[in-house]
Amino acid sequence: MLQLRNVKKTYGATAADSYVALDGINLDIASGEFLCLLGPSGCGKSTLLNIMAGFENANCGTVSFNGAPIVGPGRDRMMFFQDAGSALLPWLTVEQNVRFGLRVRNVPKQNWDAIIDRYLSMVALDQHRRKMPTQLSGGMRQRLQIARALAVEPDVLLMDEPFAALDALTKRRMHGVLLDIWQRTGKTIVFVTHDIGEAISLGDRIAMMSVGPGSNITKILRLDMPRPRDFTNPLVAKMFNEIEAELSLEILRSEQLAAAVAEEKKP
Amino acid sequence: MTWLLLRTGGIAMRPEQAAATSRINPLLHYRSQLLGVVSVALGFLIWQFLSTFIFNPYLVPPPLDVLRAAIPMIVSGEIFLDISVSMVRILVGFVAGSFAGIIVGVLIGRIRLLHDLLDPIIELLRYLSPTAMIPIAVIWFGIGEMSKYFLIFWGTFFIVLVNATAGVLRAPIARQRAAECLGASRFQIFALVVIPSAAPYIVTGMRIAMASSFMSIIPAEILAADSGLGYLLQKSAIMLQTHRIFVALLTISILGFVVDRIFRWIVDKSLSRYVSAVSVV
């Protein structure tokens, strides 16, 4: 279980150029839960994810995983990147990319083949195991990233807009793949996105964030509809519209704020 | 030949375009190679014309005369001796300089303290070209082989170093973080992720350094040597043998071209999976 209490993140060394990215974030993520962090660009959702991963430290507040404070990246939390081309090792084949994780994690050698087979077939890449990442499509690269992450058996997947660069059809297919894997493995997933439809398709809960400076979580929605979620269902459509209305207001507010700041800085 | 030139207009074609045209005319399949031959042949033709009808043939000897001067040098083996002497100097200095440049370069890229300590001094020293270092090299090492090794080393070291550092600094952060999450130690990230990511930059640096070695070996041999291609140039100039000067110049350009092709071939055979990896996004 991931727990965030009063998390605050400030950038910049001096008081003059400091920027408060996150302020007063409280969040509890149950194990096995699929939580989506939804917000417009610049709301600090990636920063929040990096704090959960341990790549960045909060200035105030506590972040803990299963009761222990998070002080750095840990093997139990696997970060997952939008740009699979740079996250993967492009000089290794599909199979070797998965094996790399097993090797650096000191998984006993005799288990490697079975693990590789299992996870590559889970993401339907077992026919492509000798290909190089350059030879794969964007969706296939993301599936390879998923297989490589799952092979080392983390408890939590932290996903930073993983499908944002994919075309709409591939994206929908990836949602199916991810939900299927989530249901089969029971991993905890924290999924950052700015796509309302994506958040509704995937999440158990959606945490909505306000635009910075000083972003926080404005609202947490629980989605009790069964998956796959049908967007023609009036309940789903209503939720979509509500979220959109709220986010539009949020974007408008941030633009006015930015304009006011610019006005102030004028000589 | 003219229509061939006109039709390409000197613009490189995409492969699918080339494939399409090759069905029309098989000759076009090799058009870039053919045009390469045409370009060199035209160069020689113009040179022959200019030195026969416009310039003083003594100052600019026509290519046929240059070829005639080259034959005895080839038969006696004189030119090969000069080539091998210069090549060995380049090779020793280049290999040593590349090794040192890669090692120091990746460490500077990785270790902050080392970067802050060494970067300013490197930024100053790298503007001292090998040519500028010739006088002091002769005083330190004499006119023997050591001074040439040193000068080529000097030129290679900084070029490779700067590129290796840039490659390490530009290793994608996502790749390092992903490896860290997978469980890689700091050393594993460095050795198995960062250095392979920097390989394309290192190879590029080595290619530039090879070209620069060819440029710096000549002045070094002109000013301080009793063998090699630079010495051949110097000796021929003193005796006003312009034919032999042109033989030396031609040899240097052909040699540089051939060595670069060999270097690319070796990289292609041994490192292609690292070097082509740079295009993945």
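As the structure is a computational prediction, the values presented were derived from the model and not from experiment.

Let's talk about the confidence of the model for chain B
Residues and elements named next belong to chain B. Of all residues in chain B, 89% have pLDDT values of 70 or greater, and the mean over the chain is 87. Here residues 1-13 is modelled with pLDDT under 50, and outside its nearest four sequence neighbours on either side it reaches four contacts, counting other chains as well. For this predicted complex, the interface score ipTM comes out at 0.87, while the overall pTM is 0.82.

Comments concerning the packing of helix 3 (residues 94-104) of chain A against helix 5 (residues 138-151) of chain A
All names here are of chain A. Two elements in contact, helix 3 and helix 5, have axes whose closest approach is 8 Å; the angle formed by their N-to-C orientations is 30°. Classified by the angle their axes make, helix 3 and helix 5 are roughly parallel. Remark: the crossing between helix 3 and helix 5 carries right-handed chirality. Residues V94, N97, V98, G101 and L102 of helix 3 lie in contact with helix 5, whose contacting residues are L144, A147, R148 and A151.

Re the sheet that holds strand 2 (residues 19-29) of chain A
Residues and elements named next belong to chain A. If you walk across this open sheet you meet the four strands as 2-1-4-5, and the pairing is antiparallel. The sheet is open, and its two borders are formed by strand 2 and strand 5 (68-69), each paired with just one other strand. By the bridge criterion, seven bridges tie strand 1 (residues 2-11) to strand 2 in an arrangement that is antiparallel. The partner of K9 across the bridge, within strand 2, is L22.

Digging into the interface of chain B and chain A
The partner chain A presents 21 residues to the 21 residues of chain B that form the contact. Elements with a contribution of two residues or more to the side of chain B that touches chain A: helix 9 (173-182), helix 10 (186-223) and helix 12 (242-275) of chain B. At eight residues, the largest contribution of residues to the side of chain B that touches chain A is made by helix 9 of chain B. Its residues placed into classes, the side of chain B that touches chain A shows 13 nonpolar, four polar and four charged.

Cut-offs and rules
Residues numbered from 1 in each chain as written. Chains lettered and ligands numbered in written order. Predicted model: local features only at pLDDT ≥ 70, side-chain atom pairs only at ≥ 80, totals over all residues. pLDDT = per-residue confidence, 0-100. Contact = placed C-beta atoms within 7 Å. Axes fitted to C-alpha atoms, helices over the stretch in contact; angles between N-to-C directions. Helix = DSSP H or I, 4+ residues; strand = E, 2+ residues; numbered from the N terminus. Parallel < 35°, antiparallel > 145°, perpendicular 65-115°, else oblique. Left-handed = near helix turned anticlockwise from the far one by under 90°. Pairing = 2+ DSSP bridges. Nonpolar A, V, L, I, M, F, W, Y, C, P; charged D, E, K, R; others polar.

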